[in-house]
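# Examination of the molecular architecture
If you want the building blocks of each chain, they are given just below.
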Amino acid sequence: MEIQFSINSEWQSLAKAFIIFARTDFGGIPLSDAERAYILKQLEDNNLANVNRYNELLFVVYADRLKDQGVFREQCRRAGNEIAGVLKKEKIGGIDVYFGDADSDSSIALAEGIALGSYQFVKYKTSAETILWYPEKINFAGNFISKTAIDRLSAMVEAVFIARDLVNEPATYLNAVMLANSFASMGKEAGFETEIFDKRKIEDLKMGGLLAVNRGSIDPPTFSVLKYESPNAKNIKPVVLVGKGVVYDTGGLSLKSTKDSMDYMKCDMAGGAVVASVIYFAAKCNLPLNLICLIPSTDNRPDGNAYTPGDVIYMHSGATVEVLNTDAEGRLLLADALSFARKYQPGLVIDIATLTGSAAMAIGQHGIVAMGTADESVFRSLKRSGDNVYERIVEFPLWEEYGESLKSDIADMKNIGSREGGAITAGKFLEHFVSYPWIHLDIAGPAFLNTADHYRTKGGTAAGVRLLIDFLMNMA
Ligand code: BES
Ligand code: MN
Ligand code: ZN
């Protein structure tokens with residue numbers, strides 16, 4: 001799917017969207033009295049009205065400027081998503097967003113909602129009735145919008161679509177090697193470097209966590225290193241983004257039951273898809289930053305050679321871990337990536353992972369669980385970005401006491417802690433492997449949806465992409 005954004009004061013499409021800030025003030029929108037009355041009626045209990053003139057489809061969006069900026073923008077995105085639904089139904093392939101009286105902020109958010117809400121994954125649909133309908137062209141019919149803002153919006157939408165596509169792809173068509181190859185093509189297109197470690201190299205590096213999880217797989221593991229360096233970088237020490245790349249999680253010998261818990265586990269590489277899409281954005285937009293992404297990848301399956309509960313493994317850091325549940329696999333490969341990250345002397349490391357059902361149980365699909373050792377100011381900045389793009393974060397504590405349940409009788413640590421506070425005990429496990437400012441993001445709740453949440457479409461949502469993009473742009 002590709003959506004073209006443009007700035008042209010002349011109308012381009014059959015459909016036009018206007019934003020208003022008072023339910024009864026239609027400013028310069030060309031309307032007949034009858035249309036005006038019709039729209040007023042629709043806006044009594046709705047934020048979106050439309051008038052179908054047969055050769056023209058007008059949308060009027062009411063946005064409440066009194067709300068805080070984050071909520072206000074979200075309102076515009078959601079209205080955009082509703083518009084996308086109508087465009088699809090009416091089979092209209094483009095729209096003009098008019099912002100005569102509106103500010104560029106609201107029209108960008110509206111366009112963002114139209115674009116993100118139009119996403120569909122139709123690769124495996126073979127019937128003719130599923131022809132893809134979406135607004136291929138979104139035109140800003142106004143003067144006060146910058147080319148940079150449009151280019152960034154376009155790159156951001158592209159980044160979200162790439163991440164969603166990767167998450168929605170079944171593991172049969174996206175094993176660890178294929179995932180790494182996808183990163184390489186993204187790098188070629190956007191302009192970042194990719195280095196893919198194969199099994200031999202991973203063995204040389206003694207990444208025992210990743211290798212243990214991979215033992216039950218018929219496919220080799222990969223460890224992808226993506227690098228984007230800007231000559232004008234604002235950060236001397238690189239920001240390292242680590243993403244969980246488990247292309248399918250059966251639980252291994254600690255097998256998940258299929259219904260509910262295994263059905264959607266192709267989404268377990270969502271963190272990897274997110275960080276790759278974020279560096280894709282950074283490279284496309286030439287952000288003045290130094291960025292590195294690390295994505296350890298494999299599937300997690302039971303097999304004759306699979307790692308077992310009771311095993312002790314040697315991690316990349318040299319630490320030993322007693323495996324007591326092969327379904328707590330994410331932390332094992334993330335730990336290897338986190339200790340590997342040390343060599344870059346990073347200023348900040350953020351890992352993002354569909355790590356625990358516990359995070360999803362705690363806050364559901366509407367937020368991202370965060371914890372870490374970075375300064376309060378970094379958390380504040382991340383929180384601000386979360387509010388801004390409506391991928392909100394909730395900070396969980398890493399109190400010492402939570403670490404106690406990770407003690408092992410025979411090794412340095414166990415890979416599972418107490419069930420209570422499970423998202424935190426997973427974080428405590430990871431903390432053991434970091435030696436720099438660090439933030440851990442658990443996206444098990446929002447990464448994959450079974451029913452759409454406005455423009456967060458069904459299936460892979462790319463949760464975390466817009467959060468990290470906003471955060472990095474503020475840094476740059
Ligand atoms: N990939 C899962 C977590 C997950 C759950 C992701 C729901 C997306 C939606 C992870 O590897 C896992 O299995 N975690 C276990 C850990 C437990 C065994 C300590 C969990 O949360 O049950
Ligand atoms: Mn698991
Ligand atoms: Zn997993």
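We now turn to the structure provided with this report. What you are looking at is a predicted structure, and each value in this text was computed from that prediction instead of being measured.

## Topic: the coordination of the manganese ion (ligand 2)
- The coordination sphere of the manganese ion (ligand 2) contains the protein donors Asp-249 (OD), Asp-327 (O), Asp-327 (OD) and Glu-329 (OE), at a distance range of 2.1 to 2.2 Å.
- Geometry at the manganese ion (ligand 2) is irregular, judged from the six donor atoms that bind it and their angles of 70 to 167° at the metal.
- Expressed as a motif, the donor residue spacing for the manganese ion (ligand 2) is D-x77-D-x1-E.
- Separation of the manganese ion (ligand 2) from the zinc ion (ligand 3) amounts to 3.2 Å, with Asp-249 serving as a shared donor to the pair. Residue Asp-249 is found in strand S10 (residues 245–249), and its partner Glu-329 is found in the loop between strand S13 (320–322) and helix H10 (330–341); the two are separated by 80 residues along the sequence. Assigned by exposure class, Asp-249 and Glu-329 land together as buried.

## Quick look at the site of ligand 1
- If you check the shell around ligand 1, you find 15 residues, and the closest are Lys-256, Asp-268, Asp-327, Glu-329 and Gly-357.
- Between ligand 1 and Lys-244, the relevant distance is 3.2 Å, taken from an oxygen atom to a side-chain nitrogen or oxygen of the residue.
- Between an oxygen atom of ligand 1 and a side-chain N or O atom of Asp-249, the distance comes to 2.9 Å.
- Isolated, ligand 1 exposes 520 Å² of accessible area, and the fraction of that covered by the protein chains is 76%.
- Cavity membership is defined here by more than half of the atoms lying within 2 Å of grid points; on that basis ligand 1 lies in the largest pocket.
- Here the residues of the shell around ligand 1 sort into four nonpolar, four polar and seven charged.

## Focus: the layout of surface pockets
- Counted as a void, the largest pocket has a volume near 1200 Å³.
- Around the largest pocket sit 36 residues that line it, and Lys-256, Leu-355, Thr-356, Gly-357 and Ser-358 are the ones nearest its centre.
- Counting residues per element, the ones that place at least two in the lining of the largest pocket are helix H8 (258–262), helix H11 (357–363), helix H13 (422–431) and strand S19 (448–449).
- The residue makeup of the lining of the largest pocket, split by class, is twelve nonpolar, 14 polar and ten charged.

## Points about the packing of aromatic side chains
- Under the definition given, this model contains 14 aromatic pairs.
- With centroids separated by 6.2 Å and ring planes inclined at 35°, the aromatic side chains of Phe-21 and Phe-72 adopt a geometry described as tilted. Residue Phe-21 is located in the loop between strand S2 (15–20) and helix H1 (33–43), and its partner Phe-72 is located in helix H2 (residues 69–90); the two are separated by 51 residues in the primary sequence. For the residue pair Phe-21 and Phe-72, the accessibility class agrees, reading buried in each case.
- Between Phe-197 and Phe-223 the ring centres are 5.6 Å apart and the planes differ by 10°, which places this aromatic pair in the stacked class. Linking Phe-197 in strand S7 (residues 193–197) with Phe-223 in strand S8 (residues 222–229), this pair joins segments that are 26 residues apart in sequence.
- Phe-197 gets classed as buried once you look at its relative accessible area, which sits at 5%.
- Look at Phe-223 and you get buried, because its relative accessible area is 0%.
- Taken together, the ring pairs connect Phe-197, Phe-223, Phe-340 and Tyr-344 into an aromatic cluster.
- Across from the ring centre of Phe-197, 5.1 Å away, lies the NZ or CZ of Lys-201, which sits over that ring.

## Focus on the sheet that holds strand S3 (residues 48–52)
- Taken in spatial order, the six strands of this open sheet run S1-S6-S5-S2-S4-S3, and their pairing is mixed. One side of each edge strand has no neighbouring strand; the edge strands of this open sheet are strand S1 (4–7) and S3. Averaged over all adjacent pairs, the angle separating strand axes in this sheet is 20°, with direction ignored.
- Bridging between S2 and strand S5 (residues 94–98) involves four bridges; their strand directions are parallel. Counterpart to Ala-17 in the pairing with S5 is Val-97.
- Here H1 sits on the sheet and contacts S2, S3 and strand S4 (57–62); the angle it forms with S3, its principal contact strand, is near 150°.

Analysis parameters
- Residues numbered from 1 in each chain as written.
- Chains lettered and ligands numbered in written order.
- Predicted model: local features only at pLDDT ≥ 70, side-chain atom pairs only at ≥ 80, totals over all residues.
- Heavy atoms only, no water.
- Donors = N, O, S within 2.8 Å, 3.2 Å for Na, K, Ca; no water.
- Tetrahedral: all angles 85-135°; square planar, octahedral: opposite > 155°, others 65-115°.
- Helix = DSSP H or I, 4+ residues; strand = E, 2+ residues; numbered from the N terminus.
- Buried < 20%, exposed > 50% of the residue type's maximum accessible area, 1.4 Å probe, protein only.
- Near = heavy atom within 4 Å.
- Polar contact = N/O pair within 3.5 Å; in protein donor to acceptor, adjacent residues only side chain to side chain.
- Areas by Shrake-Rupley, 256 points an atom, 1.4 Å probe, with all protein chains shown as cover.
- 1 Å grid on protein atoms, 1.4 Å probe; cavity = no way out; pocket = protein on both sides within 12 Å on 5 of 7 lines; lining within 4 Å.
- Sits in = over half its atoms within 2 Å of the grid points.
- Nonpolar A, V, L, I, M, F, W, Y, C, P; charged D, E, K, R; others polar.
- Points joined across faces, edges and corners; volume = space filled by probe spheres on them.
- Phe/Tyr/Trp six-rings, centres within 6.5 Å; stacked < 30°, edge-to-face > 60°.
- Lys NZ or Arg CZ within 6 Å of the ring centre and 35° of its normal.
- Pairing = 2+ DSSP bridges.
- Axes fitted to C-alpha atoms, helices over the stretch in contact; angles between N-to-C directions.
- Contact = heavy atoms within 4.5 Å.

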